[in-house]
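If you want the building blocks of each chain, they are given just below.
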Amino acid sequence: MKAREAPADEVDDDDWFEPPTTEQDDTIEHSLFGEILDWMLAPLLLLWPMSIAITYLVAKGIANQPFDHALEDSVTVLTQQVKQADGAQLRRLPDKNRSGRDFLRGDDVDTLYYLVVGGRGEYLDGDRDLPPPQDPDKYRSGMVLFRNDTIHGTPVRVAFTYLDMPSGSDDEPRRTLVQVAETLEKRAQLANEIIKGVILPQFIILPVILALVWFALARGLSPLAQLQERIRARPPDDLSPIESGQVPEEITPLVGSLNEMLARLSLSIDMQKRFIADAAHQMKTPLAGMRMQSELALRQTDHDEIHRSLLQLAKSSEAATRLVNQLLALARAENQPQAGTAFEPIELSELARGVVQDWVQASFAQHIDLGFEQPAYSIMISGNAMMLRELLSNLIDNALRYTPPGGSVTVRVRSTLELAILEVEDTGPGIPQAERAHVFERFYRILGSNVDGSGLGLAIVREIAQQHGAEVDIFNNPRAQSPKLPGTLLRLSIALLLPDAPEENDITYG
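Within every chain, residues take consecutive numbers counted from 1 along the sequence as written. Where totals are concerned, whole chains, interfaces and linings use all residues; where local detail is concerned, this predicted model gives features only for residues with pLDDT of at least 70, and gives and counts side-chain atom pairs only at 80 or more. As a convention, hydrogens and water are excluded, and side-chain values are obtained from all of the structure's heavy atoms.

Let's shift gears to the pattern of salt bridges. When a carboxyl oxygen of Asp or Glu lies within 4 Å of a side-chain nitrogen of Lys or Arg, that pair is called a salt bridge. In the structure shown here, the tally under the stated rule is 16 salt bridges. Residues joined by salt bridges that share partners form a network here, namely E373, R412, R414, E423, E425, R479 and R491.

Moving on to the sheet that holds strand β6 (residues 154–165). In spatial order, the strands read β4-β3-β7-β6-β5; together these 5 strands make up an open sheet with antiparallel pairing. A strand with exactly one partner marks an edge of an open sheet, and here the two such strands are β4 (123–126) and β5 (145–151). Each adjacent strand pair in this sheet contributes to an overall mean axis angle of 25°, direction not counted. In this analysis, strands are considered paired if DSSP registers two or more bridges between them. Helix and strand labels come from DSSP, where a helix needs a run of H or I of at least four residues and a strand needs a run of E of at least two; each type is numbered from the N terminus. As paired elements, strand β3 (residues 112–117) and strand β7 (residues 174–183) share 6 bridges and run antiparallel to each other. Its bridge partner being in β7, V117 is matched across the sheet by L177. Note on contacts: a residue pair is in contact if any heavy atoms of the two residues lie within 4.5 Å. Axes, fitted as lines to C-alpha atoms, cover a helix only where it is in contact. Angles between the N-to-C directions of the axes lie from 0 to 180 degrees. Packed onto the sheet, helix α1 (residues 32–80) meets β3, β5, β6 and β7 and runs at close to 140° relative to β7.

The next subject is unusual backbone geometry. One non-glycine residue with positive phi stands out, namely D135, at about 50°. Tracing the backbone through its elements, the reader meets D135 in the loop between β4 and β5. Despite not being glycine, H367 shows a phi value in the positive range, around 60°.

Right, let's get into the side chain of H468. You can see H468 is positioned in the loop between α9 (457–467) and β13 (471–475). A polar atom in the side chain of H468 sits 3.0 Å from the backbone nitrogen of N384. Beyond its immediate chain neighbours, meaning those up to four positions away, H468 contacts F343, S382, G383, N384, M387, L388 and I494. By the criterion applied in these results, polar contacts are pairs of N or O atoms within 3.5 Å in which, for protein atoms, one can donate a hydrogen and the other can accept it, and in which residues neighboring in sequence qualify only through two side-chain atoms.

With 42 residues, the main nonpolar core has L391, L392, I396, V411 and L422 as its most contacted residues. Only α6 (348–358), β9 (369–373), α8 (385–402), β11 (408–415), β12 (419–426), α9 and β14 (488–495) provide two or more residues apiece to this core. At 9 residues, α8 tops the list of elements feeding residues into this core. With sequence-adjacent residues up to four places away left out, L422 is seen in contact with L348, A352, L391, L392, V411, R412, V413, L490, R491 and L492. Counting 12 residues, the second-largest nonpolar core is a separate cluster that includes L115, Y139, L177 and A181. Throughout, nonpolar core names a set of buried Ala, Val, Leu, Ile, Met, Phe, Trp, Tyr and Cys residues whose side chains join them through atoms within 4.5 Å. Relative accessibility thresholds used throughout: buried, under 20% of the residue-type maximum; exposed, over 50%; partly exposed, between the two (1.4 Å probe, protein chains only).

Only Phe, Tyr and Trp rings take part, Trp by its six-membered ring, and two of them pair if their centres are within 6.5 Å. Stacked means planes under 30 degrees apart, edge-to-face means over 60, and tilted covers everything else. Tallying each qualifying case throughout the model produces 3 aromatic pairs. Measuring from ring centre to ring centre gives 6.5 Å for Y139 and Y162, while their planes differ by 15°; the resulting arrangement is stacked. With Y139 in the loop between β4 and β5 and Y162 in strand β6, the pair connects residues that are 23 residues apart, well separated along the chain. Across this residue pair, the class does not change: Y139 and Y162 are buried. Assessed through its relative accessible area of 7%, Y162 is described here as buried. In this scheme, the term charge over a ring applies when either NZ of a lysine or CZ of an arginine sits within 6 Å of the ring centre and within 35 degrees of the ring normal. For the cation-ring pair, R128 lies above Y123, with the distance from its terminal atom to the ring centre recorded as 3.6 Å.

Spelled out as structure tokens, the structure:
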């Protein structure tokens, strides 16, 4: 069944086989092995310089400890040389011919500086250029402290302490500053030696780590290669599920998705095979009849006999055309997307009225009263308009075929609070209760009906109804007047798009 507004020569019955055309962007292939390797090595190469910097800071701290102890000893030795004279006056170191550096343990690598300053700020001994500590009041006397400073533009490490010395006349003691400074050459050398001892082994270990990472990745990704080989070794017609017990746990979801795709593909192939088998089986009879009628017409010499043969040939051609159209409609319904991506809002009354108008001439030709009833309000559903027209067309065609001349067929649209109802009612012989479960099967026809048909109409109806999540029920016609012709009422129930219709008691039919 084609949409009423589309001419017959503009509709391609095979258009449902054509896949949707989309622009394919250029894709870049990514290596899982390379991506994992990048994510492992990039942090490693970034952390390595950070490790060197942290190691250097730790090495400087380690190198400072023994040299700070040496500076502390120097300060202690120097403070012991500070003498008190006459109980009040501080004077220079005992022997003016000996420098304070003689009491300190100097060497040829670093330069030592010292300074002794009296309680009133007077210079007592040492290097005047050695800067004093800032905020002296915050330092406690008798404790050796350390700080970093510069002298003559050279960085030094300074150890200093304050001594409380009696002033003599005043009761308050005077604070004497003693400090010793040393340049940082030996510290830097020791720190560099520590760095070399740590970094050089890393240059040896790092290639080993890279090799182990490479081997571990290759070993860890080997199940993917094995899975690839197993899939590649399969015959083309083998769509059985892949064994998920032989793959790692991380690949199990991928294998599960692949098995689901194989199941859908197998179902699709089975449907295509069934369609081809059904089409081939059902087309044999009308094609054989057409061939026989054409051969018979060729042998006839009487014009009346030729006319009758050609008339029969036309009927056979019409039956074959209808069968092909129904087979294509069934295949189209079976291949309709399940997720409802092609659905759109539809006003059910308008759709039904258009389909009924297409069948008015056919009902006149068969002397059947074809009526249509609809409510005064709008009934909106979500669906595929083309498929729903096909469904209703098959219901009307089926009703017209089984209704004797002089009978009536009524198409009715109504709704409840939650459902839209589409009914097709006829005054034909009806469908026995025992046959109602079978009439939706393909090519099933009730024995003794004496009506031409392929048995595909209700199969198409069921398939389209399932695509829309609808239900199809069969009842006797409650308005039938003849016991011999109980009639049939086929009811399609589908969810409302906007469940705001009035109550069932408020429905009026026109």
